[in-house]
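For reference, the chains in residue letters:
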Amino acid sequence: MAPQTAYDRAVNVLKQNDRGTYTVPTKGLYPFQWNWDSCLTALGQRHVDEARAWTEIETLFAHQWEDGMVPHIVFHEVSDQYFPGPEVWRTNRPTPTSGMTQPPVAGFAAKRIFDGAKDRVLAEERARRLLPKINAWHKWFFANRDPHGEGLVAILHPWESGRDNSIDWDAALERVPTEGVGEYSRRDTQHADPAHRPTKTQYDRYLWLVQRFRSLNWDNSRLHDASPFQVVDPGFNAILIRSCADLAAMADALDEPGIAADNRAWANKGLAAMEGLWSEPHGQYLCRDRTINTLIDSASIGGILATFAAIPSGRAHAIARTVERLSQSVQFSVPSHDPADRRFDAPRYWRGPVWLVTNYMIADGLAAAGENAVAKLIIDSSLELIEKSGFAEYYDPISGTPCGGGHFTWTAAMVVEFLS
Ligand code: 9WN
């Protein structure tokens, strides 16, 4: 038998983790539905089965909260394999969910599936149903996470960023207490190497924030001001801006001018406000700690991911040069943190490793800015990693060693996208 191609192997990973109407990120470590994983997974699924791709996103939005928030985890099944589970979150939803959100890639993903759809009738019907739901989520962000109308939203917990233990959050997390968190037993370090995962002190602070928000009954109108952790992340905001711009374009195509106008206005205001996060010395954007109104000196992938939005071309070209510079110091691009920073940690989660999802979004943004050679470098590096180390959750950028969980859904979905 001929050896399976990378494409076929990727499709197999998607199938292995498919639970019918949603896909788990990987068996064991993450046995539920995660928000941005699902939206990016749908991009891979569309090449195999368009209806299934729409269903992936629809299942997520079936658990949207009444206020518009789309939770970061939907606990479809009972499983003791993951901590913290529903008994910790206690959000009182019909199907249990977490109480916080994740990077809003749904608008981008829906438009990409819509634009490329072969079945136009199906695409129009499914996009029309999703449109008001994604719009409500975007509206929720600006109402609840941008109370002073800056045009940029804050995350209130590292888990919301999707880059849980990034160096970006270190200083802000220092101000989150750990008193009273109590005893708990982590499950992640039983599935994955503890050297690849966040530390105990970080988990204590993550849980303190969960307990604080829970004590406020997960009332989103109160959480922002009550949180000691409020960070404006350029990566997260770029994803929101891109999704707003893409939803506006899809709304135009579906003849929904009100949704188009609102989303276009949010995108434009956000793009203008991003300028305040630019760092000339780093050649990329930085996070801002909203509680002390100060830029955070941490050159992470968040500020590179900003290319995913239609930032000014001069900024995108400068970021391309930064990616080239980083690629000189590692074997595989793009590391989630600058290796020149003493806090860089090659195998530890979001403090150094390469992730294919961020690679995909960065390459997409750089290609749109005409930086095709750098985009190609990133895609080539991603495919080399697959050949060398399989469909891992993330990879050591120096050795290419696979890290975290294996048979990973969104890694496979990105490979299907790269090879299609
Ligand atoms: C917490 C599922 C998720 C991703 C995140 C990634 C990791 C969870 C965890 O796994 O986070 O949400 O328990 O570590 O950081 O980006 O969505 O793949």
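Going by the structure above, here's the rest.
Residues numbered from 1 in each chain as written. Predicted model: local features only at pLDDT ≥ 70, side-chain atom pairs only at ≥ 80, totals over all residues. Heavy atoms only, no water.

Quick word on the packing of helix α1 (residues 6-16) against helix α17 (residues 409-419)
In step 1: Where α1 contacts α17, the axes come no closer than 8 Å and their chain directions differ by 145°. As for how α1 packs across α17, the hand of that crossing is left-handed. For the pair α1 and α17, the contacting residues are A6, Y7, A10, V11, V13 and L14 in the first and T409, A412, A413, V415, V416 and L419 in the second.
In step 2: Of the residues assigned to the contact of α1 with α17, the class counts are 11 nonpolar, one polar and no charged. (Axes fitted to C-alpha atoms, helices over the stretch in contact; angles between N-to-C directions. Helix = DSSP H or I, 4+ residues; strand = E, 2+ residues; numbered from the N terminus. Left-handed = near helix turned anticlockwise from the far one by under 90°. Contact = heavy atoms within 4.5 Å. Nonpolar A, V, L, I, M, F, W, Y, C, P; charged D, E, K, R; others polar.)

Overview of helix α15 (residues 356-368)
In step 1: If you check α15, its first and last C-alpha atoms are 18 Å apart, about what 13 residues at 1.5 Å a residue would give, namely 18 Å.
In step 2: Across the 13 residues of α15, 11 count as buried, placing the element largely inside the fold.
In step 3: Here α15 has its buried residues at L356, V357, T358, N359, Y360, M361, I362, A363, D364, G365 and L366.
In step 4: Immediately beyond the C-terminal end of α15, within one or two residues, lies G370, with a positive phi of roughly 85°. (Expected span 1.5 Å × (residues − 1). Buried < 20%, exposed > 50% of the residue type's maximum accessible area, 1.4 Å probe, protein only.)

Describing the environment of G390
In step 1: Along the chain, G390 turns up in the loop between α16 (372-389) and β8 (394-395).
In step 2: The exposure class assigned to G390 is partly exposed, which follows from its relative accessible area of 21%.
In step 3: Between the C-alpha atom of G390 and that of A10, which follows or precedes it by 380 residues, the distance is 9.3 Å.
In step 4: Beyond its immediate stretch of four places on either side in the chain, G390 contacts L385 and Y395.

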